[in-house]
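# Structural description and commentary
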Amino acid sequence: MTTTRDIHVPEFLAGDEFSIPTYRVLTQEGTLCEGAEAPTLERDEARAIYRAMIATRVLDERMMAAQRQGRLSFYMQCTGEEAAVIGATAALDEADMIMAQYREQGALVYRGFTFDEFMNQLFGNELDYGKGRQMPIHYGSRKLHYMTISSPLATQIPQATGYAYGQKLAGEGQCTAVFFGEGAASEGDFHAALNMAAVHEVPVIFFCRNNGYAISTPAIEQFAADGVAPRAFGYRMHVIRVDGNDILAVHRATQEARRIAVEHNKPVLIEAMTYRLAAHSSSDDPSGYRSRKEEEAWREKDPILRMQRWMYDQGWWSDDEEKELQERLRREVLEAMKRAEKRPPPPLDTLVTDVYAEVTPALQQQLDALKSHIRRHPEAYPKGARFLDPELSRTDDEGES
Amino acid sequence: MPTMNLLQAINHALDIAMAEDEKVLCFGEDVGGFGGVFRATSHLQERYGRARCFNTPLVEQGIVGFANGLAAQGSVPVAEIQFADYIFPAFDQIVNETAKFRYRSGDLFNVGGLTIRAPYGGGISGGHYHSQSPEAYFTHTPGLKIVVPRNPYEAKGLLLASIRDPDPVIFFEPKRLYRASTGEVPEEDYQLPLGEAEITKEGSDVTLVGWGAQIEIIDRAVELAEKEGISCEVIDLRTLLPWDADTVAESLLKTGRLVVTHEAPQTGGFAGEIAATLQERCFLYLESPILRVTGLDTPFPLTLEKEYLPDHLKVFEAIRESVNY
């Protein structure tokens, strides 16, 4: 129970009297800030993080171009937020669960999701783990402990609290990290999740990517407060605000958050201050709501550039390596895209599987009726879904004989 | 065989499930030490500890969101929504998340372990926020199973089956019967099948279909009808999604007449689905129009509750109308 002191005159506390500092380690020039502790990031890990950041950027650029060419129906870029997502992921144990919002492909890249796996989902082909049922960018991987993305905003936040509670009971020292934007933090799910996590002492890291915009709505129209971080006080929760474009700060803060979560079974809120350099999605046009000047100012704070300067300074990266990596990744993405595009969609039967653990008789009847209909009108339906189903190339007469 | 009321039967089922599998957890508003406002979870916290049976904050979307995550992790959550009327704040988590978890991930992840228990229905002077029957909203959502027991024996067997079912289940408990319905319930573990209707009484002139508390109403109506020489067949649907149309169709082929009754308002109610399906399957065998006896298309009233509810007399009138068409 909270203890309170008594007052005898009406003394209000104003919400704007609090301001939360920002943890920053690396200057934009890639040198350590004055007074900053030495980074805990070692050479190999730093290189792995850097490669994942570049790979994510390359993937995003190529896929955005593919969307513009009409090869993809939809895409979302992580551009500008790579340090926040990948820095945090690198500080987790690889068996910790990640529940992402939708802009965290960098976490998957870091954990080893291959370009082929990305492409299979983006094109919804027969190899997509999600069987072509969701829009592009709704990735998931059981092997990599990455929960399949769900479109409704913020629903993953209370789920993360529940998942982490199960991890606590299992006692295997794992936690859940859940990512969301500052816009999602306006949903009721956010409150539900943080409150339950604090009350039930759950090892979960709430990672808010405060990237300035919820589609077109600027943060200033999302909340009157000093960002999202102060809400942690209301839940009696540990909280830190970090420079989300500073890889060393994000990594170190998440390391510490994980320690608090796992060793003390306490939730932690991290607010990473960053900027969505790209559009919200391929369907969005930011020129309608923000200035090019603003974007340019943030482009100078590019998290990849900042890390690159630091890496060069350490002697951990070179121009040659950069060139080789960029070229190789571009080639690999294109090759994977071509492979995925050629693959057929999932077979028609997947329309009715996984609704329930077993296909129900009613669903089976509906599928049979659909197949019979397609056999009568083969020209009206895409060839793709019929490709793997020889039964559908027969006519109804043949089917009955 | 001991006699139990419906609440005791539910408590018994939860006790068995928790004793058998340490992954089973019970939680919700006032569920912990107090044992739930209706006492369905009495003594479970004492027996299984605060980690497995606990109070949650007052936040239905949080309860179901938390339960979704827990189930995805491999636990077996049994979440209580204190009144079915308060399930709507959790609607998004149930309809967009619970129901689609397996489908949208291609079965990489599922929340099959989840059971949501919620007391539903009228007859307790509860007004419109303590009396609703919201089952039809959920029967429109593929991926959920909707189960409604009619008495203590059914409640225990169906709840145990729901907890162990590989799909998420919403278990609507007829709260009017919590203490009013008593009967013999085996001490031991048993399950009743989900997705199967039960013919609780055989007859030849007219088929009556209902679920939950409405079966008791049907039984009283049938008593009146049989005094007039009308032979009634009674079917308890038990599971509304996926529902057992075959059993109803077979019955209808025999009787040629169908009356469906539920407490929820008529428009968009589940009786409409049953009527549509059965006219499709049995049109040429029908001797009279399929009739619905339901609540009115209004919010649930307080003082005029008895008039509002589809009672045995209204069902009896429908039987007569059906037979005399």
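Just so you know, these numbers come straight off a predicted model, no measurement behind them. (Residues numbered from 1 in each chain as written. Chains lettered and ligands numbered in written order. Predicted model: local features only at pLDDT ≥ 70, side-chain atom pairs only at ≥ 80, totals over all residues. Heavy atoms only, no water.)

### Concerning the overall build of chain B
- In terms of regular secondary structure, chain B is built from 12 helices and 14 strands.
- Radius of gyration (C-alpha) of chain B: 19 Å, near the 20 Å computed for a compact globule of 325 residues.
- On the principal axes, the C-alpha backbone points of chain B span a range of 60 × 45 × 40 Å.
- Expressed as a percentage of the 325 residues in chain B, the buried residues total 64%.
- For chain B, the accessible surface area stands at approximately 11900 Å², while carbon and sulfur atoms represent 50% of it. (Helix = DSSP H or I, 4+ residues; strand = E, 2+ residues; numbered from the N terminus. Rg over C-alpha atoms; globule rule 2.2 N^0.38 Å. Buried < 20%, exposed > 50% of the residue type's maximum accessible area, 1.4 Å probe, protein only. Areas by Shrake-Rupley, 256 points an atom, 1.4 Å probe, with all protein chains shown as cover.)

### Things to note about the pattern of salt bridges
All names here are of chain A.
- Per the stated rule, a full pass over the model turns up 48 salt bridges over all chains.
- Between Arg57 and Glu82 there is a salt bridge, with its nearest N and O atoms 2.6 Å apart. With Arg57 in helix H1 (residues 43-68) and Glu82 in helix H2 (residues 82-91), this residue pair connects regions lying 25 residues apart in the sequence. Accessibility assignment for this pair places Arg57 and Glu82 in one class, buried. (Salt bridge = Lys/Arg side-chain N within 4 Å of Asp/Glu carboxyl O.)

### So, the sheet that holds strand E14 (residues 291-295) of chain B
All names here are of chain B.
- Strands sit in the order E9-E11-E10-E13-E14 across an open sheet of five strands; the sheet is mixed. Edge positions in the sheet fall to strand E9 (198-201) and E14, since each has one partner strand and no second. Strand after strand, the sheet turns through a mean of 25° between neighbouring axes, direction not considered.
- Packed on one face of the sheet, helix H9 (residues 245-255) meets E9, strand E10 (206-210), strand E11 (232-236) and strand E13 (258-265) and runs near 175° to E11. (Pairing = 2+ DSSP bridges. Axes fitted to C-alpha atoms, helices over the stretch in contact; angles between N-to-C directions. Contact = heavy atoms within 4.5 Å.)

### Looking at the interface of chain B and chain A
- The interface of chain B with chain A comprises 41 residues on the first partner and 41 residues on the second.
- Of the roughly 3300 Å² buried between chain B and chain A on both sides combined, carbon and sulfur atoms contribute 65%.
- There are zero salt bridges connecting chain B and chain A.
- Counting every contact that joins chain B to chain A gives 20 residue pairs in polar contact (both at pLDDT 80 or more).
- Looking at the side of chain B that touches chain A, the elements that each hand over two or more residues are strand E3 (53-55), helix H3 (60-73), helix H4 (91-97) and helix H5 (101-104) of chain B.
- No other element matches H3(B), which puts 10 residues into the side of chain B that touches chain A.
- Within the side of chain B that touches chain A, the residues separate by chemical class into 18 nonpolar, 15 polar and eight charged. (Buried area = accessible area lost by both parts, 1.4 Å probe. Polar contact = N/O pair within 3.5 Å; in protein donor to acceptor, adjacent residues only side chain to side chain. Nonpolar A, V, L, I, M, F, W, Y, C, P; charged D, E, K, R; others polar.)

### A closer look at the pairing of strand E7 (residues 268-273) of chain A
Residue and element names in this part refer to chain A.
- The element E7 is extensively covered by neighbouring structure, given that five of its six residues are classed as buried.
- Both strand E3 (residues 204-210) and E7 contribute to a ladder of six bridges, which runs parallel. Counted as the bridge partner of Cys208 is Glu271 from E7.
- Relative to E7, strand E6 (residues 238-243) is paired through six bridges, and the arrangement is parallel. Paired with Val239 across the strands is Leu269, a residue of E7.
- In this region the chain leaves E6, passes through helix H8 (residues 247-264) and returns to the parallel neighbour E7; the handedness of that crossover is right-handed. (Right-handed = clockwise from strand over helix to strand, strands pointing away.)

### So, the environment of A:Gln156
Residue and element names in this part refer to chain A.
- Tracing the backbone shows Gln156 in helix H5 (residues 156-170).
- For Gln156, a relative accessible area of 8% puts it in the buried group.
- As for Gln156 and Asp189, which are separated by 33 residues in sequence, their C-alpha atoms are 8.2 Å apart.
- Among residues more than four places away in sequence, those in contact with Gln156 are Met99, Ala100, Gln101, Val178, Phe179 and Phe180.
- Within the structure, Gln156 has its side chain in polar contact with the backbone oxygen of Phe179 (distance 2.9 Å).

### With respect to the UniProt feature "domain: Dehydrogenase E1 component" (unreviewed entry) in chain A
- Those places that UniProt annotates as "domain: Dehydrogenase E1 component" (unreviewed entry) correspond, in this numbering, to residues 50-347 of chain A.
- Along residues 50-347 of chain A the backbone is 46% helical and 11% strand, and the end-to-end C-alpha distance reaches 39 Å. (UniProt positions renumbered as here; feature names shortened; annotations may be inferred.)

### Some points on a nonpolar patch on the surface
Residue and element names in this part refer to chain B.
- Nonpolar side chains collect at one region of the surface, where Leu253, Phe283, Leu284 and Tyr285 lie side by side and expose about 500 Å² of accessible area between them.
- Take Leu253: it is sitting in helix H9.
- Assessed through its relative accessible area of 41%, Leu253 is described here as partly exposed. (Patch = residues over 30% accessible without salt bridge, like charges linked within 9 Å, V, L, I, M, F, W, Y side chains within 5 Å.)

### What to know about the confidence of the model for chain B
- With 100% of its residues at a pLDDT of 70 or more, chain B has an overall mean of 98.
- Across the interfaces of the predicted complex, the ipTM metric reaches 0.95, alongside a pTM of 0.96. (pLDDT = per-residue confidence, 0-100.)

### Thoughts on the layout of surface pockets
- Reported here for the largest pocket is a volume of approximately 1300 Å³.
- As for the largest pocket, its lining consists of 45 residues, and the residues nearest its centre are A:Thr360, A:Ala362, A:Gln366, B:Leu241 and B:Pro242.
- The set of elements that each furnish at least two residues to the lining of the largest pocket consists of helix H12 (361-376) of chain A together with helix H6 (135-139), H9 and helix H10 (270-282) of chain B.
- Tallying contributions element by element places H12(A) first for the lining of the largest pocket, with seven residues.
- Of the residues belonging to the lining of the largest pocket, the class tally is 23 nonpolar, 11 polar and 11 charged.
- Taken as a whole, the second largest pocket spans an internal volume of roughly 320 Å³.
- Looking at the second largest pocket, it is lined by 19 residues, and the ones nearest its centre are B:Gln132, B:Ser133, B:Tyr137, B:Ala264 and B:Pro265.
- Of all the secondary-structure elements, those providing two or more residues to the lining of the second largest pocket are H6 and E13 of chain B.
- Element by element, the count of residues in the lining of the second largest pocket is highest for E13(B), at three residues.
- For the lining of the second largest pocket, the residue count by class is 10 nonpolar, eight polar and one charged. (1 Å grid on protein atoms, 1.4 Å probe; cavity = no way out; pocket = protein on both sides within 12 Å on 5 of 7 lines; lining within 4 Å. Points joined across faces, edges and corners; volume = space filled by probe spheres on them.)

### Some thoughts on the nonpolar core
- If you look at the biggest cluster of nonpolar residues, it comprises 126 residues, and the most contacted ones within it are A:Phe180, A:Phe206, B:Phe172, B:Leu237, B:Ile274 and B:Leu278.
- With nine residues, the single largest contributor to this core is helix H1 (residues 6-20) of chain B.
- Mapping this core onto the domain boundaries places at least three of its residues in each of domain 1 (22-342) and domain 2 (348-392) of chain A.
- Discounting residues that sit within four places of it in the chain, A:Phe180 has contacts with A:Gln101, A:Glu104, A:Gln156, A:Ile157, A:Ala185, A:Phe190, A:Phe206, A:Phe207, A:Cys208, A:Arg209 and A:Leu269.
- Of all hydrophobic cores here, the second largest spans 72 residues; its members include A:Ala249, A:Ala257, A:Ala261 and A:Trp310. (Core = buried A, V, L, I, M, F, W, Y, C linked by side-chain atoms within 4.5 Å. Domains from an automatic or database assignment.)

### Describing the UniProt feature "domain: Transketolase-like pyrimidine-binding" (unreviewed entry) in chain B
- Residues annotated in UniProt with the feature "domain: Transketolase-like pyrimidine-binding" (unreviewed entry) correspond here to residues 4-180 of chain B.
- Secondary structure within residues 4-180 of chain B divides into 36% helix and 17% strand; the distance between the first and last C-alpha atoms comes to 10 Å.

### What about the packing of aromatic side chains?
All names here are of chain B.
- Summed over the entire model, instances satisfying the criterion amount to 30 aromatic pairs over all chains.
- Seen from their ring centres, Phe27 and Phe54 are 5.2 Å apart, and the 10° between their planes marks the pair as stacked. Of this pair, Phe27 sits in strand E2 (residues 24-28) while Phe54 is found in strand E3, placing the two residues 27 residues apart along the sequence.
- Under the relative-accessibility criterion, Phe27 is labelled buried at 0%. (Phe/Tyr/Trp six-rings, centres within 6.5 Å; stacked < 30°, edge-to-face > 60°.)

### Topic: the sheet that holds E6(A)
All names here are of chain A.
- What the five strands build is an open sheet, ordered E1-E2-E3-E7-E6; its pairing is parallel. In this open sheet, the two strands that pair with only one neighbour each are strand E1 (97-99) and E6. Neighbour-to-neighbour, the strand axes of this sheet turn through a mean angle of 20°, independent of strand direction.
- For strand E2 (residues 176-181) and E3, the ladder comprises six bridges, and the chain directions are parallel. Across the sheet, residue Ala177 finds its bridge partner in E3, namely Ile205.
- Across the sheet, helix H6 (residues 188-199) lies against E2, E3 and E7, angled at about 145° from E3, the strand it touches most.

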